[in-house]
Structure formats: C-alpha cells, structure tokens
Amino acid sequence: MNGSTLTPSRRLALPTLNGRQRLGATLLALLLAFAWLVPWLFEADPARQQLTRILQLPTLAEPLGTDHLGRSLLARLASAVRLSLGMALLSVTSAAVPG
C-alpha cells in the first residue's frame, strides 16, 4: 500500500489548514460571532437617534461611545459587519452557481 492510497477513515477527515488559512478562518469566525452576539448583548438600535447622548465617550453601556447623532457606534459597527458578510455571501454564491 503506497502513501497516496487513503483509507476510508482518512477520506472523511477534514483537510489540515496552514497558518494563513487558520488565521482567515479564525477572523471569519470572530466576525460572525461579533455580528451575531452584539445585538443580543447590547440592545441598541443602530439607526435610533438620541440627541441627548451626542458624542459620548465609551462606557460600559456603550463600549465604543456614540456618534454626532447619539447613535451607538457598536450597534452601527455590528450592523455594518452583518451587511458586509451578507453581501460577500451573496456575491460568492452568485459567482459560484454559474461556475
């Protein structure tokens, strides 16, 4: 039996990832976790304006502070990550289907 023959258990094993692939997978997992967890941990609407909270510094309630209209920067960042990941998934899927 030579080295190129795979046993049935080896054929089902996941491929090993090199350092860059592991880094990319880790960053993607962190972005997905961030986009998924932030709306439940910090219940802030990214579009809601609160003019009494304009340009507040970071606190425990608002870890990134607020913008010039009093909107939560953390909620806006999580919303942007969700939108970007959704657009990336849509573009990859739309390119892969015809290919």
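Note that this is a predicted model, so its numbers are computed, not measured.

About the cut-offs
Residues numbered from 1 in each chain as written. Predicted model: local features only at pLDDT ≥ 70, side-chain atom pairs only at ≥ 80, totals over all residues. Heavy atoms only, no water. Salt bridge = Lys/Arg side-chain N within 4 Å of Asp/Glu carboxyl O. Buried < 20%, exposed > 50% of the residue type's maximum accessible area, 1.4 Å probe, protein only. Phe/Tyr/Trp six-rings, centres within 6.5 Å; stacked < 30°, edge-to-face > 60°. Helix = DSSP H or I, 4+ residues; strand = E, 2+ residues; numbered from the N terminus.

Details of the pattern of salt bridges
So, point 1. Applying the stated criterion across every chain yields a total of three salt bridges.
So, point 2. In this structure, Glu62 and Arg53 form a salt bridge, with 3.6 Å as the shortest nitrogen-oxygen distance.
So, point 3. Overall, Arg53 belongs to the partly exposed group, its relative accessible area being 22%.
So, point 4. Note that Asp67 is salt-bridged to Arg71, the shortest N-O span being 2.8 Å.
So, point 5. Residues joined by salt bridges that share partners form a network here, namely Asp67, Arg71 and Arg76.

Focus on the packing of aromatic side chains
So, point 1. On inspection of all chains with the given rule, the structure shows one aromatic pair.
So, point 2. Measuring from ring centre to ring centre gives 5.3 Å for Trp36 and Trp40, while their planes differ by 65 degrees; the resulting arrangement is edge-to-face. A residue pair is termed a helical-turn pair when its members lie 3 or 4 positions apart in one helix, as Trp36 and Trp40 do in helix H2 (residues 19–41) at four residues. Accessibility assignment for this pair places Trp36 and Trp40 in one class, exposed.

Don't take any of this as a statement about function, it's just geometry.
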